[in-house]
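Here are the chains, one letter per residue:
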Amino acid sequence: MNIKALLKNVVNYKASDLHIVSRSEPQIRIDGSLVPLDMDKLDGTTIEEMCYTLLSDKQKKALEENRELDFAIEFPDIGRFRANYYYTMNGELAAAFRIIPIDIPSLDDLKCPPVFKDLILREKGLILVTGPTGSGKSTTLAALLNEINTSENKHIITVEDPVEFVHLNKKSLFSHRNVGTDTKSFAQGLKFSLREDPDVILVGELRDKETISTAITAAETGHLVFATLHTNSAVQTINRIVDSFEGAEQVQVRNMLSASLYAIISQALLPKVGSGRVAIHEILINNAAISNLIRENKLHQIYSQMQLNQQKTGMITQTQSMIKNLQAKTISKDNAIRFSTQPQELMNSIGI
């Protein structure tokens, strides 16, 4: 058994992830569910021997000091993967690998709503793609940047931990930066990116208030900024950003966000009827009314504002997106309710 053979299984079974944990068979995630491979159970020694073959001496030292490690790796004959090594109880090494498509999908490939193509036409503003782990945020962002790459002459800087999708220069010029090797942190990489003549900036994750503040400032000062957050809805996203600050700072960040925010795409991947998964989107597009609600700290009123004049605004709530997919019979009622952020509203809408 070796790590490359295990990663080939991810490709062969069209899985998304590989998990290697002591006292278990290797397991892969297919259409959102874990499936054990027909192999022997692994022990800590075997896992360490396999996993260490992919690491440089510097990475080994970082893993042993920090007790976890993020990195990306590509095998020409297999594919590209995002990897996370971590230690479990008894000091045993474990690993999770996620496959990253080398061929970057288009927005049409992903069947994204038409409004997504309008988002990239902006010269400045903050666009957030949010959702839980494994909801396809990175893939959506890659497709958005790919759309810019095929149509605009832009300088695009990405600051990620680690770099996932590697874009080839088409019309645009890409500068990919890894946190930890190319820059010390998201905040530092983003701060210095402003001196590197970017048109578009991708921040892998808004982890702290310094990164959030710099991202908002970059969006205010003439850059199109894309970023992710682990939140489940548009309103929760705004709350999370504001709550990252304290006291009087919250007033300032609400004022800045009300002016610089352009859109929030909150998404979830649901099991598709038959096989596969389908993306459910909630879309907020900032306008004068929503901007005013953010500024005046009336965030609880944003959801109802999202439901108005949707033909003109391009906005949609998660519940409405669920209903569309239920009508198209692409998802089941049980899964719609299970994954819903507003289950009672959804049940009322579908008569349960």
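Just so it is clear, the model here is predicted, and its values are computed rather than measured.

Undergrad: Let's hear about the sheet that holds strand β4 (residues 68-75): which residues, and what values?
TA: Within the open sheet, the 6 strands sit side by side as β3-β2-β1-β6-β5-β4. Their pairing is antiparallel. Unpaired on one side and paired on the other, β3 (33-36) and β4 mark the two borders of the sheet. The mean inter-strand angle of the sheet, taken between neighbouring strand axes irrespective of direction, is 25°. The pairing of strand β1 (residues 17-20) with strand β2 (residues 27-30) spans 3 bridges and is antiparallel. Looking at β2, one finds that D17 is bridged to R29. Contacts from helix α1 (residues 3-12) reach β1, β2, β4, β5 (79-88) and β6 (92-100), with the element oriented near 145° to β1. The strands touched by helix α3 (residues 57-66) are β4, β5 and β6; relative to β4, the strand with the most contacts, the crossing angle is about 150°.

Undergrad: Would you mind going over the pairing of strand β12 (residues 261-271) in detail, with residue names and values included?
TA: Within β12, 9 of the 11 residues are buried, leaving the element largely enclosed by the surrounding structure. Relative to β12, strand β7 (residues 125-130) runs parallel, the two sharing 5 bridges. Across the sheet, residue V129 finds its bridge partner in β12, namely I265. The antiparallel hairpin formed by β12 and strand β13 (residues 277-285) contains 5 residues in its connecting segment, where G274 sits at a positive phi of about 100°.

Undergrad: Now, about the sheet that holds strand β11 (residues 224-229): what can you tell me, with residues and values included?
TA: Ordered by their spatial adjacency, 7 strands build an open sheet running β9-β8-β10-β11-β7-β12-β13, and the pairing between neighbours is mixed. The strands lining the two open edges of the sheet, one partner per strand, are β9 (173-178) and β13. Neighbour-to-neighbour, the strand axes of the sheet open up by a mean angle of 15°, direction not taken into account. Sheet analysis places strand β10 (residues 200-203) next to β11, joined by 4 bridges and oriented parallel. Its bridge partner lying in β11, V200 is registered against L224.

Undergrad: Outline helix α10 (residues 288-295), supporting the account with residue identities and numerical values.
TA: Within α10, the full set of buried residues consists of I290, S291, L293 and I294. The arc enclosing the buried residues of α10, seen along the axis, measures out at 160°, which places them on a common side. Where α10 is buried, its residues meet α8 (234-243), α9 (248-260), β12, β13 and α11 (302-306). Just downstream of α10, N297 is the residue with a positive phi angle, here 60°.

Undergrad: Account for the packing of aromatic side chains, with residues named and values stated.
TA: This structure, assessed with the given rule, holds 2 aromatic pairs. With centroids separated by 5.1 Å and ring planes inclined at 90°, the aromatic side chains of F71 and Y85 adopt a geometry described as edge-to-face. With F71 in strand β4 and Y85 in strand β5, this pair connects stretches of sequence that are 14 residues apart. Put simply, the rings of F71, Y85 and F97 pair up and form one aromatic cluster.

Procedures and definitions
Residues numbered from 1 in each chain as written. Predicted model: local features only at pLDDT ≥ 70, side-chain atom pairs only at ≥ 80, totals over all residues. Heavy atoms only, no water. Pairing = 2+ DSSP bridges. Helix = DSSP H or I, 4+ residues; strand = E, 2+ residues; numbered from the N terminus. Axes fitted to C-alpha atoms, helices over the stretch in contact; angles between N-to-C directions. Contact = heavy atoms within 4.5 Å. Buried < 20%, exposed > 50% of the residue type's maximum accessible area, 1.4 Å probe, protein only. Arc of directions from axis to C-beta. Phe/Tyr/Trp six-rings, centres within 6.5 Å; stacked < 30°, edge-to-face > 60°.

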